[in-house]
Amino acid sequence: MSSEEMLYAKGSKIWIPHAEQVWESASLEESYHKGDTILKIQTESGALKEIKLKPDGSNLPPLRNPAILVGQNDLTTLSYLHEPGVLYNLRVRFCERQIIYTYCGIILVAINPYADLPLYGPNIIRAYRGHAMGDLEPHIFALAEEAYTKLERENCNLSIIVSGESGAGKTVSAKYAMRYFAAVGGSESETQVERKVLASSPIMEAFGNAKTTRNDNSSRFGKFTKLLFTNQMGVMYLQGATVHTYLLEKSRVVYQAQGERNYHIFYQLCAARAKYPELVLDHQDSYQFLNMGGSPDIERISDADQFNETVQAMTVLGFSIQQIADIVKILAGILHLGNIAVSKKYMEGSDVEDSDSCDIFQNDLHLQVTGDLLKINAEDLRRWLLMRKIESANEYVLIPNNKEMAMAARDALAKHIYAKLFQYIVNVLNKSLHNGSKQCSFIGVLDIYGFETFEVNSFEQFCINYANEKLQQQFNQHVFKLEQEEYLKEGITWTMIDFYDNQPCIDLIETRLGVLDLLDEECRMPKGSDESWAGKLVDKCNKFPHFEKPRFGTTSFFIKHFSDTVEYDVNGFLEKNRDTVSKELTNVLTQSNMQLCKQVMILEEVDTLGTDANKIATTLGGRVVISANRKQQLNETRRRVVSSKQHKKTVGSQFQESLASLISTLHATTPHYVRCIKPNDDKIAFKWETAKIIQQLRACGVLETVRISAAGFPSRWLYPDFYMRYQLLAHRSQIDKNDMKQSCRNIVLKWIQDEDKYRFGNTQIFFRAGQVAYLEQVRANLRKKYITTVQSVVRRFIKRRRYVKLQKIIFGIQRHARGYMARMRAQKLREARAALILSKYARGWLCRRRYLRLCHSVAGIQQYARGMLARNRFYAMRDYFRAVQIQRFVRGVLARRAYQKRRRSIIICQAAVRRFLARRQFKRMKAEAKTISHMENKYMGLENKIISMQQRIDELNRDNSALKHKTSEISVLKMKLEMKKNLEHEFKNIKAACLDKDKLIEALNKQLESERDEKMQLLEENGHSQEEWNKQKQIWCMENRELRKQVDSMIEMAKNAAGNQREHEERMLTEIDNKELNEAYQRAIKDKEVIENENYLLKEELSHFQQQHNGIAAFNMHHTRTASNASSQNEDDVGYGSAKNTLEINSRYPDLRNKNDSFLDNTSIVVKLRSILEEEKQKHRSLQEQYVKLASRNKPTEDSFRPTCCPPRGST
Ligand SMILES: Nc1ncnc2c1ncn2[C@@H]1O[C@H](COP(=O)(O)OP(=O)(O)OP(=O)(O)O)[C@@H](O)[C@H]1O
Ligand SMILES: [Mg+2]
């Protein structure tokens, strides 16, 4: 099986071309066999395709690198070194891992991230210091460190060549590299030199950078900065720097394409115009040189701030204030110059335009301001803008300029001034950065424009691409040289590697009768034109393989550059190459009164780099310089000698010279390459545009490097490394640990039959491209086989061990399980027996409990039944007893009712009988009373009674008169009481007067106290009056006391009198009452008794008479009256008292004494006496009431005594 068949097996990954993605990944559907003309594949998107192959298999698609190699730090370590492999590796790093730096051999590929990454801080610088390139991740600092270490170690000159297309990040990378050198080559703290070196960037950017459609800060010149180091005790210190510039884009001063700007410094100056009123500047839009592009601002950048930064940097770099002021005047002068209006001129005396001349107003403001600012004669300036001088053999002629020519002269002057100013600034920078003459080594940083191709490519693109062609040649030669050195060192016999040599292309541009030579020649021709030059080009250069004439027309030509074929438009080539400016106009400026302006205009271009390079070449005398280079140098030196004889150098020849000197400088240094890649045109962070990137990789030589590497023996392995990795590819008998080289040889010989595919070096084995991948594949296959065997053995071992282990475990588990089950069974039996016993006892206990509960409930029922029966018996007995009782009471009630009834009937009978008897007796007594004697006797008794009663009345009258006397006494006492009241009233008045006096005294005392000190005499008088007052007061007190005594005694008397009176009256009254009543009552009772007795006797006599007369003696004997019933009988009489009603009482006593009146019933007399007694009682009551009233009126109150009891408090 051939190596191809092994590599292109089914499933292998390959790359196939793709219209948009450039390369697309696919896998083989079938294995490739030698001679196959069709390869079946499946793309990543799943599409099945067939690729046509040549029978020899020379157009087999490129293989994908093994996954282990994807994302490598160095592209040359890839096994398959081809375009898709490189591209994919870069893509994985940039897009997936966001790593912007990758090595490609000696090149550092830097892809612009368009994002601020934290990769450039002081810590990162420290991290990379002292580390070799492969130690850490690829970085611009690693490359710079490599250069610096080499400088320290070998004390040689080095260069870092940064290239790439516009906006790829060249300037940024160059700045970071310089920052690294400033950091590691200076002291810890920033010294003046480092500050100056770093400060040079903003100045150069302000004057040499501008906004373009591709880059907001595009460098419009090439820059080679040499950082000079001195060796101090083995340490390289930054000592200074020099800056060399190339091909400033002057045309930008007067013209900008749409969306672009002029150089930053003009906009910065306009933004800061307030600081410089003398410049008479306006807004940037009002200047023709600034407003063409229509894009006056840059996003997120303030021109005013940038201006301050520029001025600050200029100050750091030693520009004086006067210098800065003059520089801004020149800049403002350029702007005003651009605004000088050139107008049409008319024929004298007519309206016809003179097409051969033009005019500028004499008082044109901008003309005047330009003159003032540049301190030149404005009229001279005007004159030479409108005229030109043509010199012939011995005389000169003045010819007027038409409008276009005048404007072109104006623009040329502006460009000239700016270019000179830029050169002047670079000179000042160089002076400031390096003024010592000490022998130094340097590290040069070249920030130069990359290969450019536009729709319309002009002279600038031609120069730029020419420079890139030269640099690419230098790069190729360097890489070739390195390869050669490597092979020589390893003692390998080898044939010349075929690599792309762009010398023919360079020859086309720079040899005799080449593009530049013909251009210069045409420029020297008085009637030379772009078209005639183009014709000559076609004539002379057609023989060059890299030249192509256009298919149509004659205004362009093609050059096949190393990266692309570019079509150049010949228009403007001559003019740009000549770069002529009116000598008269420059003279006007040279005669300026401004020192700086004069200085700037007479500035001669000095090729410092060329002289440096010569110097270096002589100092490096011992170094080997490859033949091609040497030849080139000689050519260039010769050319320089020739050109120096010329009166005025063209731009092309100047550029060629400076480029030659640059290349010779670079050849004299150890170069390091940084290739910047612009990933997209939209300036979007981490956006990957494959087509754009592949074009740049091709243009900047990365793929060429890869190709050179691939053409030789790109894969190299140290013997020990190779032995370690591939020892398994040989049999044990072919491996000898002690002779690794032989073992490696055996391995290689065994697997690679073609001897051209490898070389055995002294320390390394060299392989052609793809061989390592092939060995990798073999190794992978073998490893797969061995691994399968080892795996099977190991798996068997593992399985067996597992099985034995499992078996052991199962036996153990079974043993334990059986034991467990037996134990469980025994346990169950034990538990069954125990359950039986337990159930036996439980059942017994339950039965017993049921029986006892039954017994208990039966006894309870019996108890309650017996109780109920007993209660029922008791209730029956109780009911019987109660029935008996009720019967008894009912019977008693009935018996009592019957008895009462009988008794009441008996009494009614008795009453009826008695009433009958009493009536009968009454009738009889009535008849008896009518007898006269009987009545007389009775009257006699009554007369006595009346007499005694009369006597009693007399006594009572006497008592009454005594009482009247007492009443008069009471009235006297009342009088006294009245008097006493009057006294009391007087006392009260006196007391009120006393109180008034007291108040007066108090007032006086107060008055006295207040006036005491002033009126001592009055005090004495007051003392007298006080004494008198005291006396008077004593008298009053005495009187008061006496009055009080009198009142007391009167009160006592009144009290005694009232008490006595009351007692006496009461006693009297009670006595009288009692006596009278008792006596009257006694008498009335006695009379009554007497009368009753008499009445009884009369009744007795009457009954006796009746018995006698009627013979009803028996009845009288039974009807005896007892004391108990007498009252009832008497009452009955009253109850039936018809006699009372019929009694007539002759109301008054005298009627009673009238013996002649008809006799009265004794009862009516008693009634009369009672009424008399009642009258007397009433009289007595009225007297008593009168007395009480008097007593209450005379009774002294507590208030009446109080004022006299004690003198008022507080009185003095
Ligand atoms: N390493 C980086 N990190 C972040 N941004 C970067 C980096 N490199 C470049 N850029 C961005 O890209 C822009 C363009 O970079 P730079 O000015 O260095 O391009 P250039 O190659 O010098 O272009 P030109 O040829 O026009 O001068 C910078 O302004 C910056 O925004
Ligand atoms: Mg730049």
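Residues numbered from 1 in each chain as written. Chains lettered and ligands numbered in written order. Predicted model: local features only at pLDDT ≥ 70, side-chain atom pairs only at ≥ 80, totals over all residues. Heavy atoms only, no water.

The protein appears in an unreviewed UniProt entry as Unconventional myosin-Va isoform X3 from Drosophila arizonae. Word for word, the UniProt comment on the protein under Sequence similarities (unreviewed entry) is "Belongs to the TRAFAC class myosin-kinesin ATPase superfamily. Myosin family." (UniProt positions renumbered as here; feature names shortened; annotations may be inferred.)

## Focus on the UniProt feature "binding site: ATP" (unreviewed entry) in the protein
Listed under "binding site: ATP" (unreviewed entry) in the UniProt record, and renumbered for this structure, are Gly 164, Glu 165, Ser 166, Gly 167, Ala 168, Gly 169, Lys 170 and Thr 171. The residue Glu 165 is located in the loop between strand E7 (158-164) and helix H5 (170-185) in this model. If we skip the residues at most four places from it in the chain, Glu 165 touches Lys 170, Arg 214, Gly 450, Phe 451, Cys 676, Lys 678, Lys 692, Gln 695 and Gln 696. On the accessibility criterion, Ser 166 (7% relative accessible area) is buried. Once residues lying within four places of it in the same chain are set aside, the contact partners of Ser 166 are Thr 212, Arg 214, Asn 215, Ser 218 and Lys 678. In terms of polar contacts, Ser 166 uses its side chain to reach the side chain of Ser 218, at 3.4 Å. (Helix = DSSP H or I, 4+ residues; strand = E, 2+ residues; numbered from the N terminus. Contact = heavy atoms within 4.5 Å. Buried < 20%, exposed > 50% of the residue type's maximum accessible area, 1.4 Å probe, protein only. Polar contact = N/O pair within 3.5 Å; in protein donor to acceptor, adjacent residues only side chain to side chain.)

## Points about helix H19 (residues 583-590)
Within the span of H19, buried status applies to Glu 584, Leu 585, Thr 586, Val 588 and Leu 589. Buried residues along H19 sit against helix H11 (365-374), helix H12 (378-386), strand E14 (387-391), helix H13 (403-433) and helix H20 (595-601).

## With respect to the nonpolar core
Taken as a class, soluble globular proteins show a tendency for nonpolar side chains to be buried jointly. Among the nonpolar cores identified, the biggest contains 188 residues, and Phe 181 and Phe 207 are the most heavily contacted of them. In terms of residues, this core owes the most to one element, H13, which gives 14 residues. Those residues in contact with Phe 207 that sit more than four places away from it in its chain are Tyr 263, Ile 265, Thr 310, Met 314, Ile 327, Leu 331, Tyr 418, Leu 421, Phe 422 and Ile 425. Within the second largest apolar cluster, 37 residues are counted, among which are Ile 14, Tyr 80, Tyr 719 and Phe 722. (Core = buried A, V, L, I, M, F, W, Y, C linked by side-chain atoms within 4.5 Å.)

## What about a nonpolar patch on the surface?
There is a patch of nonpolar side chains on the surface, built from Leu 806, Ile 809, Ile 810, Phe 811 and Ile 813 and spanning about 470 Å² of accessible area. Relative to the helices and strands, Ile 813 is located in helix H28 (residues 771-929). (Patch = residues over 30% accessible without salt bridge, like charges linked within 9 Å, V, L, I, M, F, W, Y side chains within 5 Å. Areas by Shrake-Rupley, 256 points an atom, 1.4 Å probe, with all protein chains shown as cover. Salt bridge = Lys/Arg side-chain N within 4 Å of Asp/Glu carboxyl O.)

## Considerations on the coordination of the magnesium ion (ligand 2)
Around the magnesium ion (ligand 2), the protein contributes the donor atoms Thr 171 (OG1) and Ser 219 (OG), which lie 1.8 to 2.1 Å from the metal centre. Taken together, the residues Thr 171 in helix H5 and Ser 219 in strand E9 (residues 218-219) connect sequence positions 48 residues apart. (Donors = N, O, S within 2.8 Å, 3.2 Å for Na, K, Ca; no water.)

## A short note on the sheet that holds strand E19 (residues 565-569)
Sheet strands line up and pair through hydrogen bonds in the backbone, either parallel or antiparallel. With antiparallel pairing, three strands are arranged side by side in an open sheet as E17-E18-E19. In this open sheet, the two edge strands, each paired with only one partner strand, are strand E17 (547-548) and E19. Of the pairings in the sheet, the one linking E17 to strand E18 (residues 556-560) comprises two bridges and is antiparallel in character. Bridge pairing in E18 places Phe 547 opposite Ile 559. (Pairing = 2+ DSSP bridges.)

## Considerations on the environment of Ala 773
In this fold, Ala 773 is placed in helix H28. We classify Ala 773 as buried; its relative accessible area is 5%. Not counting chain neighbours up to four residues away, the residues in contact with Ala 773 comprise Leu 7, Ser 79 and Tyr 80.

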